[in-house]
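Take a look at the letters that make up each chain.
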Amino acid sequence: MIRNDLRNVAIIAHVDHGKTTLVDQMLKQSGTFRENQVVQERVMDSNDLEKERGITILAKNTSVNYHGVKINIIDTPGHADFGGEVERVLKMVNGVLILVDAAEGPMPQTRFVMQKALEMNHKLIIVVNKVDRPDARIAEVEDEILELLIDLNASDDQLESPILFCSGRAGTASRYADKDGKDLTPLFDTILNHVPPMEVNERAPLQILVSSIDYNEYVGRIGVGRIERGTAVANQEITVCNYNDFTMKKRGKLVNLYQIEGLSRTPVQSAAAGDIVCFSGLEGINIGDTICANDCVEAVKFVKISEPTVEMTFSVNDSPFAGKEGKFVTSRHLRERLYRELLKDVSLKVEDTDTAEAFKVSGRGEMHLSILIETMRREGYEFQVSTPKVLFKTIDGHLYEPVERLIVDVPEDSTGPVFQSMGERKGELVHMGAVGSRMRLEFIIPARGLFGYKSDFLTSTKGEGVMNSIFYEYQPYKGELKRRDTGSLVAFETGEAVSYGLFNAQDRGVLFVDPGTQVYEGMVVGVSPKSDDINVNVCKKKHMTNTRASGSDDAMRLNSPKKMSLEECLEFLNDDELLEVTPRTLRIRKRILDSELRAKAKAREKKA
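Residues numbered from 1 in each chain as written. Predicted model: local features only at pLDDT ≥ 70, side-chain atom pairs only at ≥ 80, totals over all residues. Heavy atoms only, no water.

Going by what an unreviewed UniProt entry lists, the protein is known as Large ribosomal subunit assembly factor BipA and is assigned to Candidatus Borkfalkia ceftriaxoniphila. Quoted verbatim from the Catalytic activity (unreviewed entry) heading of the UniProt record, the comment on the protein is "GTP + H2O = GDP + phosphate + H(+)". Within the UniProt record for the protein, the comment given under Subunit (unreviewed entry) is "Monomer." (UniProt positions renumbered as here; feature names shortened; annotations may be inferred.)

Mind showing me how you'd approach the UniProt feature "binding site: GTP" (unreviewed entry) in the protein here?
According to UniProt, the feature "binding site: GTP" (unreviewed entry) maps to D16, H17, G18, K19, T20, T21, N129, K130, V131 and D132 in the numbering used here. The residue N129 is located in strand β6 (residues 123–129) in this model. On the basis of relative accessibility, which here comes to 1%, the residue N129 falls in the buried class. (Helix = DSSP H or I, 4+ residues; strand = E, 2+ residues; numbered from the N terminus. Buried < 20%, exposed > 50% of the residue type's maximum accessible area, 1.4 Å probe, protein only.)

It is not clear to me how the side chain of D275 should be interpreted in this structure. Could you clarify?
Relative to the assigned elements, D275 resides in the loop between β17 (270–272) and β18 (276–280). With a relative accessible area of 6%, D275 lands in the buried category. For D275, the side chain forms a polar contact with the main-chain nitrogen of A272, separated by 3.1 Å. With residues up to four places along the chain from it excluded, the contact list for D275 reads R3, L6, G225, R226, I227 and Q259. (Polar contact = N/O pair within 3.5 Å; in protein donor to acceptor, adjacent residues only side chain to side chain. Contact = heavy atoms within 4.5 Å.)

What is the right way to read the pairing of strand β4 (residues 69–75) from this model?
Two faces belong to every sheet, and in a regular strand the side chains alternate between them. In terms of residue burial, β4 counts as a mostly covered element, since seven of its seven residues are buried. The alternating pattern of β4 places V69, I71, I73 and D75 and K70, N72 and I74 on opposite faces, both of which are buried. Bridge count between strand β2 (residues 6–13) and β4: six bridges; the pairing is parallel. Paired with N8 across the strands is N72, a residue of β4. (Pairing = 2+ DSSP bridges.)

Help me understand a nonpolar patch on the surface, please; the structure alone is not making it clear to me.
On the surface, a cluster of nonpolar side chains totalling about 240 Å² of accessible area is made up of F419, L429 and M432. Look at F419 and you get partly exposed, because its relative accessible area is 32%. (Patch = residues over 30% accessible without salt bridge, like charges linked within 9 Å, V, L, I, M, F, W, Y side chains within 5 Å. Areas by Shrake-Rupley, 256 points an atom, 1.4 Å probe, with all protein chains shown as cover. Salt bridge = Lys/Arg side-chain N within 4 Å of Asp/Glu carboxyl O.)

Please explain the packing of helix α1 (residues 19–29) against helix α7 (residues 185–194) as it appears in this structure.
Two packed helices can be described by the angle between their axes and the distance between those axes. For the pair α1 and α7, interaxial distance at closest approach is 11 Å and the crossing angle is 90°. Relative to α7, the element α1 is oriented roughly perpendicular. For the pair α1 and α7, contact is made by L22, M26 and Q29 and by L187, F188 and I191, respectively. In terms of residue class, the contact of α1 with α7 is built from five nonpolar, one polar and no charged. (Axes fitted to C-alpha atoms, helices over the stretch in contact; angles between N-to-C directions. Parallel < 35°, antiparallel > 145°, perpendicular 65-115°, else oblique. Nonpolar A, V, L, I, M, F, W, Y, C, P; charged D, E, K, R; others polar.)

Laid out in structure tokens, this is it:
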């Protein structure tokens, strides 16, 4: 049977190329919203962090109806650190819309997602988006897309993929670069005509591959997946199996069954092969599991997710201020929360360590792990994290490390500082070319060479540079790299920071704290331009004397302290430092708080 009434498509692209904005317009123009309904921008970004950062973190499902055909749309993340989300949702679709910014052109993640779609032999629809940008390079970007397809060994059929020219913000699409569109009708028509309807067998035994997991406190875990064959019925008895675990066979029941209509889940009694469904009632369901009819248990092969490349240690907060701000502070709380995250994040890995107080957490990159940290602190967790470290591999007796493909767009007069930084970080230039009035440089660089680089990059390009990176491959170890040239200003005693102490300390470097901030011995209160750490007493008060000089107290002018975001704190961390994370505060501290013990440990390290 051919499902002419259904199309399943995913929207994939590099970060900030306009996927979520385009989905907004598709929902509006398909009549999903009432005419007078007030809808926020980027309605698919439902998570608070997604709204604040303007990025998509989790893949989202929605659907529109066009000329009697239901189009299931999956809006996917564009950031490389969430590539695991993209890889698995591609199993649920038959076609993909590949969005490319009309000014930026194909970027690292464009290559990654396009390669995955080509490997799965999906039908491609190329969408050159943001054609109304004043700096749009439509003809050049079209050529760059074709070059990328050739570079990725696309078949003749894939090279003939239709190209549309859209403005997601204006909600227009056109088949011609020199002709403005009126609405998204050409896009909807292309989806119906180019993405083939699925050929399915509704009478075969049931088979559903679980590609995503959601959680609801009322019904528990909710599985999301496409029905590969057969028909699913509410309250149906089933068996759960897994392609990678032949011993796993669990009986269960599909208690509730839902289909996605617009932005909501609608309960249904049954759904047929080809439909994307959500279901509850299976407590231990995981991503990659297959739901089967009891009389025909056959697992579906699950796409291999790329391995993590960066790890950090999450541990219980043991600072002098521990437990003052967090709701969940014990190792049991921390362990439960980290292992719960594994249920919906296939790119994450959590391991117990020798001590019950610490856990190794591995992910796709610094942003991947920082999103987890930020989410946990907002939920009331209090903990400490170590410096991010790359995961090395031993291949044929030799040490290999993860290498990233880095692309930077900078003004022409900023290329010098970028080349200098890349040289220091063992980056290798592989391509250089002009893009309008700017230069685009492409490097192959060790992943650890990018730690702490973002803030330096923005400084050296006066805030005008744009950098993007994606995992390239494992290559032989490139040698030692210095993580940080600067030292830390470390609090010498516990107490409250006062103006007099801060005034005396600010000559030593840039401070992180204000007067009135509670500090403890061993807490990092600033950055020193010298490579060595300096102990400072920011709690030191001015001694009272009998003499008073007019204006002597007024002369104390404090510089504004540097307030750092979570990502900046992680970039700043040195190997002997930890980041204390609480719902209200981020504090950088030394692993060894006592200054004497710290000095002895450093002396022993030098001797060794």
